[in-house]
Amino acid sequence: MSISSDTMISEIENNEWSRLFASAIDTQKDLVVLMHKHAPILFNKAFQKFAGVSSVKEFLREFGPLHDRFVPHSSYFHSGKTDNPDEWTIALMELPEHDRIVSMFNSKTEPFAFSVGVDNCVSDYEIITFTDISQDFIKRIMIENDVSIDKESGAYDKEYFVHTSKSFHDAADFNKKAIGITMIELMSTNDEAEQFLRDFTASIKSSIRQSDMLVRWDKKVFLLAYLANTAGDVIAFSQKLLLVMRQEPFERLNTISMRMGATIQNDKEDITVIIKRAQMALEQSNNLQVTLL
């Protein structure tokens, strides 16, 4: 770290206007970095928490330059894509906006993708904003790779759901609701089930909201994820599905037996826990029955 950077960091810590600026960016959920002549001199609290550091000095001592934290993968921008790594922001801003994406690991070594904004309205200074787009980016990559939809049924692919399920946690928090999970099993041979897959998927999709996700979980098992207020809502919704999915124009589904298991999220628990409980409920249910756990 250069002497000038040390000096700038010291001035930031002892200047009242700088402290006001620091207080303002600390209210942001995005990761915000103030740079001076391409070196970081201030992190907001969101960035400190993400990186597991308490100051710029600690970050530079532990990790070196900021651009060294960017994952060197072809899907993202990183310092290897510019001839002058120290001036990476210049190269980044020359890219189309949708390509201004970097990846960094947090303090728990979990990977994240960020869209990056650069504001350089004051000479020699830059305000860098990292906006978490991890879920959207995963969805984009998987859709581009044509792996979001199960080809046989038309429901979402299990891997796609697993990779993007954090979106349901975020949606539940934002809407102040809980995640509801209903597991549905086709009680038939594999060959019989295959004959009904498209009708089965179409019948459910015609009865749910666009924000709900129907996922092919196993050969004859489907998972339906949605938001709900109470356990009563979950059981009522599941029972309604058993009735409406066999109505016109899907009457031929009357020839196949089904069972359901359902549950609702408790106190922001992880979606993997909710799914396990829904699977237990499914195992305890009988034909044309919804079991709630």
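Structural data are supplied above this passage.
These remarks concern the structure in this document. (Residues numbered from 1 in each chain as written. Predicted model: local features only at pLDDT ≥ 70, side-chain atom pairs only at ≥ 80, totals over all residues. Heavy atoms only, no water.)

### What to know about the overall build of the protein
No. 1: A tally of helices and strands in the protein yields 11 helices and 11 strands.
No. 2: Its C-alpha radius of gyration of 25 Å places the protein more than 25% over the 19 Å reference for a compact globule of 293 residues.
No. 3: A burial count over the protein gives 46% of its 293 residues as buried.
No. 4: A fraction of 59% describes how many contacts in the protein between residues 6 or more apart in sequence connect residues 24 or more apart.
No. 5: Distance between charge centres in the protein, computed from 31 positive and 43 negative side chains, equals 6 Å. (Helix = DSSP H or I, 4+ residues; strand = E, 2+ residues; numbered from the N terminus. Rg over C-alpha atoms; globule rule 2.2 N^0.38 Å. Buried < 20%, exposed > 50% of the residue type's maximum accessible area, 1.4 Å probe, protein only. Contact = heavy atoms within 4.5 Å. Lys, Arg positive; Asp, Glu negative; His and termini not counted. Charge placed at Lys NZ, Arg CZ, Asp CG, Glu CD.)

### Some words on the nonpolar core
Considering soluble globular proteins, one finds that nonpolar side chains tend to be buried as a cluster.
No. 1: Ranked by size, the top nonpolar core spans 27 residues in total, and within it Phe-200, Ile-204, Leu-224 and Leu-241 carry the most contacts.
No. 2: Residues within four places of Phe-200 in sequence aside, it is in contact with Ile-184, Leu-186, Phe-222, Met-245, Leu-253 and Met-258.
No. 3: If you look at the next biggest cluster of nonpolar residues, it comprises 26 residues, including Val-33, Ala-46, Phe-77 and Trp-88. (Core = buried A, V, L, I, M, F, W, Y, C linked by side-chain atoms within 4.5 Å.)

### So, unusual backbone geometry
No. 1: Of note, the phi angle at Thr-109 is positive, near 60°, even though the residue is not glycine.
No. 2: Within the fold, Thr-109 resides in the loop between β3 (101-105) and β4 (111-119).
No. 3: Even without a glycine there, the phi angle at Lys-268 is positive, about 60°.
No. 4: Within the fold, Lys-268 resides in the loop between β10 (257-264) and α11 (271-284).
No. 5: On the basis of relative accessibility, which here comes to 65%, the residue Lys-268 falls in the exposed class.

### Considerations on the pattern of salt bridges
Should their charged atoms come close, side chains of opposite charge can pair.
No. 1: Counting across every chain of the model gives seven salt bridges.
No. 2: The shortest N-O distance in the salt bridge between Glu-152 and Arg-216 comes to 2.5 Å. Of this pair, Glu-152 sits in the loop between α6 (134-144) and β6 (156-157) while Arg-216 sits in strand β8 (residues 213-216), and the two are 64 residues apart along the sequence.
No. 3: Taking the shortest distance from any N to any O, the salt bridge between Glu-185 and Arg-259 comes out at 2.9 Å. Taken together, the residues span a long stretch of sequence, with Glu-185 in strand β7 (residues 178-187) and Arg-259 in strand β10 at a distance of 74 residues.
No. 4: One continuous salt-bridge network, built from bridges that share partners, spans Asp-150, Glu-152 and Arg-216. (Salt bridge = Lys/Arg side-chain N within 4 Å of Asp/Glu carboxyl O.)

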